[in-house]
Amino acid sequence: MFTIQAIDPKHYRRQTRKATLIMMGIFIVIGFVFSYGFVTYLGEYSNSPLVLNLMGAILGLALTGFIVKQFLLTNLG
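Throughout what follows, the structure given in this document is the object of discussion. All of these numbers come straight from a predicted model, not from anything done at the bench.

Okay, the packing of aromatic side chains next. In this structure the tally under the stated criterion is one aromatic pair. Pairing Phe 34 with Phe 38 gives two aromatic rings, centres 6.5 Å apart and planes at 90°, and the pair type is edge-to-face. With a gap of four residues between them, Phe 34 and Phe 38 both fall in helix α1 (residues 9-42), about one helical turn apart. Using a relative accessible area of 18% as the deciding quantity, one classes Phe 38 as buried.

Right under this line is the structure:
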């Protein structure tokens, strides 16, 4: 399963920063798209665009979590 390995700290920090930036980029794009889409297409049914933005962001977070789990974590091991 897991083994303890000696890893260069600089390499480890670089890899974790890269992974974090990838996940943040995915979430930002998906979150903005869903928030914009909810306000644009469902705005006439709701009088509070803040709620629609929040729903879009939560759905974007859930989809980002699914993408990371299914596609990115399976490549690690």
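The next subject is the side chain of Ser 35. Among the secondary structure elements, Ser 35 is positioned in helix α1. For Ser 35, the contacting residues outside a window of four places in its chain are Asn 53, Gly 56 and Ala 57.

This paragraph deals with the environment of Val 68. Of note, Val 68 is situated in helix α2 (residues 49-72). According to the relative accessible area criterion, Val 68 is buried, its value standing at 12%. For the pair Val 68 and Ile 22, spaced 46 residues apart in sequence, the C-alpha to C-alpha distance is 9.6 Å. Beyond its immediate chain neighbours, meaning those up to four positions away, Val 68 contacts Met 23 and Leu 73.

The next subject is a positive patch on the surface. Taken together, the side chains of Lys 10, Arg 13, Arg 14 and Arg 17 define a basic patch exposed on the protein surface. With respect to the helices, strands and loops of the structure, Arg 17 is situated in helix α1.

Parameters and conventions
Residues numbered from 1 in each chain as written. Predicted model: local features only at pLDDT ≥ 70, side-chain atom pairs only at ≥ 80, totals over all residues. Heavy atoms only, no water. Phe/Tyr/Trp six-rings, centres within 6.5 Å; stacked < 30°, edge-to-face > 60°. Helix = DSSP H or I, 4+ residues; strand = E, 2+ residues; numbered from the N terminus. Buried < 20%, exposed > 50% of the residue type's maximum accessible area, 1.4 Å probe, protein only. Contact = heavy atoms within 4.5 Å. Patch = residues over 30% accessible without salt bridge, like charges linked within 9 Å, V, L, I, M, F, W, Y side chains within 5 Å. Areas by Shrake-Rupley, 256 points an atom, 1.4 Å probe, with all protein chains shown as cover. Salt bridge = Lys/Arg side-chain N within 4 Å of Asp/Glu carboxyl O. Lys, Arg positive; Asp, Glu negative; His and termini not counted. Charge placed at Lys NZ, Arg CZ, Asp CG, Glu CD.

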